[in-house]
Amino acid sequence: MLLTDITEEVKSLPRFEKLQLIEAISKMLLEEENPSRYFATEAIYPVFTPGNQEKAAAQLQQFLSQELA
Amino acid sequence: MSKQRFSYTPHQRFPVGIPLVNIQLSHLATTRIVPAVVDSGAALNILPYDVGMSLSLNWDNQTFSLDLGGVLTGTPAYAVLLQAVIEPFPPLKLAFAWINKPSTEVRVLLGQVNFFQEFDVHFYGHQKAFEIALKTD
């Protein structure tokens, strides 16, 4: 259904039902933006990556080049 | 075979799972098969202390020290070269930062130096799967 079609149908609704519709859409948006939709409260989200290792990586690369030369 | 698909390993309290692959590591006559995280964000391969010890590596004999940063700042580390096999691919040499932290704190990680230089990796997160392929020159 196109938005223009919906708009035409909404226009014909009485004021009270329009307000009900606004409330329903607001609730829908809140649910969609709720973090629990994406993250489980009981879950553990492990992060393994040790960041900022550029210097060590360059050293390891140098070691590798030496060993394989 | 030039390409192999792996499923994410389910984790009891982590719904998505972890991209783990079993890797056979060898040093001299000692061989171990350990689960390792395929971690594109890691700048280098990481080998926890106890895993290195189980491979008969000698911490006191190491000479090539590494300067770790970030959350591992100050953690002593040495560069070590191991023979590695990920089935069904042929053996190859992988360089690891052997760090003075146990595997209860840090997993075996396969990072940019030099795992990602040897293999092409594609992640299919929605399918909870990833593919490892031999590098193509």
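For the structure itself, look to the data block above.
Rules used throughout
Sequence positions are assigned chain by chain, starting from 1 and proceeding in written order. Here the convention is simple: chains get letters from A, ligands get numbers from 1, in the order in which they are written. Only residues with pLDDT of 70 or above have their local features reported here, since the model is predicted, and side-chain atom pairs are shown and tallied only from 80 upward, although totals for entire chains, interfaces and linings are computed over all residues. Hydrogen atoms and water are omitted, and side-chain values are computed over all heavy atoms in the structure. Secondary structure follows DSSP: runs of H or I at least 4 residues long count as helices, runs of E at least 2 residues long count as strands, and numbering of each begins at the N terminus. For a compact globule the rule gives 2.2 Å times the number of residues to the power 0.38, and the radius of gyration it is set against comes from C-alpha atoms. Partly exposed residues are those whose accessible area sits between 20% and 50% of the maximum for their type, while under 20% is buried and over 50% is exposed, using a 1.4 Å probe and protein chains only. Residues count as neighbours in contact if any of their non-hydrogen atoms are within 4.5 Å of one another. Note on areas: these come from Shrake-Rupley sampling with a 1.4 Å probe, and a residue is covered only by the protein chains present in the view. His residues and chain termini do not enter the charge count, which takes Lys and Arg as positive and Asp and Glu as negative. In this description, the location of a charge corresponds to atom NZ of lysine, CZ of arginine, CG of aspartate or CD of glutamate. As used here, buried area is the combined drop in accessible area, with a 1.4 Å probe, of two parts when they are placed together. Salt bridge, as used here: a side-chain nitrogen of Lys or Arg that lies within 4 Å of a carboxyl oxygen of Asp or Glu. In summary, the pairing rule links any two rings of Phe, Tyr or Trp, Trp by its six-membered ring, whose centres are within 6.5 Å, and it sorts them by plane angle into stacked for under 30 degrees, edge-to-face for over 60 and tilted for everything else. Definition used: whenever NZ (Lys) or CZ (Arg) falls within 6 Å of the ring centre and also within 35 degrees of the ring normal, the charge is taken to sit over that ring. By this definition, two strands are paired if DSSP reports at least two bridges between them. Every axis corresponds to a line fitted to the C-alpha atoms, with the helix fit spanning only the stretch in contact, and the corresponding angles, defined between N-to-C directions, vary from 0 to 180 degrees.

The subject of this paragraph is the overall build of chain B. Of the regular secondary structure elements, chain B holds two helices and 11 strands. Secondary structure elements of chain B, listed N to C terminal, follow the sequence β-β-β-β-β-β-α-β-β-β-α-β-β. Over its C-alpha trace chain B gives a radius of gyration of 15 Å, about what one expects of a compact globule, namely 14 Å for 137 residues. Its C-alpha atoms give chain B principal-axis dimensions of about 45 × 35 × 25 Å. The buried share of chain B, reckoned over its 137 residues, is 50%. Long-range contacts, defined here as pairs at least 24 residues apart, represent 59% of the contacts in chain B between residues at least 6 apart. Total accessible area on chain B stands at roughly 6700 Å², and carbon and sulfur atoms take up 50% of it. Side chains of chain B carry 9 positive and 10 negative charges; the gap between the two charge centres is 9 Å.

Across the contact, 33 residues belong to chain B and 24 residues belong to chain A. Of all residues in chain B, B:R13, B:F64 and B:D67 give up the largest surface area on contact with chain A, accounting jointly for 24% of the area buried on that side. A:K55 is the salt-bridge partner of B:D67, the closest N and O atoms lying 3.2 Å from each other. Per-element tally for the side of chain B that touches chain A: the top contributor is strand β8 (residues 92–99) of chain B, with four residues.

Below, the discussion takes up the packing of aromatic side chains. Residue and element names in this part refer to chain B. Enumeration according to the criterion identifies 11 aromatic pairs over all chains in this entry. Judged by centre distance (5.3 Å) and plane angle (55 degrees), the ring pair of F89 and F119 falls under tilted. Of this pair, F89 sits in the loop between β7 (77–85) and β8 while F119 is found in strand β10 (residues 119–124), placing the two residues 30 residues apart along the sequence. Grouping residues by exposure puts F89 and F119 together as buried. Put simply, the rings of F6, Y8, F123 and F130 touch in pairs and so form one group of aromatic residues. Directly above the ring of Y124 sits R5, whose terminal nitrogen or CZ lies 5.2 Å from the centroid.

Another aspect to go through is the sheet that holds β10(B). Residues and elements named next belong to chain B. Spatial ordering of the open sheet is given by β1-β11-β10, a layout of three strands whose pairing is antiparallel. On the outer flanks of this sheet lie β1 (3–7) and β10, each paired with one strand and no other. Neighbour-to-neighbour, the strand axes of the sheet open up by a mean angle of 20 degrees, direction not taken into account. Where β1 and strand β11 (residues 129–134) come together, five bridges link them in antiparallel fashion. Bridge assignment links K3 to a residue of β11, and that residue is A133.

A word on the pattern of salt bridges. Residue and element names in this part refer to chain B. A complete count under the given rule lists six salt bridges over all chains for this structure. When the shortest N-O distance is used, the salt bridge between E131 and R5 registers 3.4 Å. Taken together, the positions of E131 in strand β11 and R5 in strand β1 put the pair 126 residues apart, joining distant regions of the chain. Residue classification places E131 among the buried positions, given a relative accessible area of 13%. Several salt bridges converge on common partners, so that one network encompasses K3, R5 and E131.

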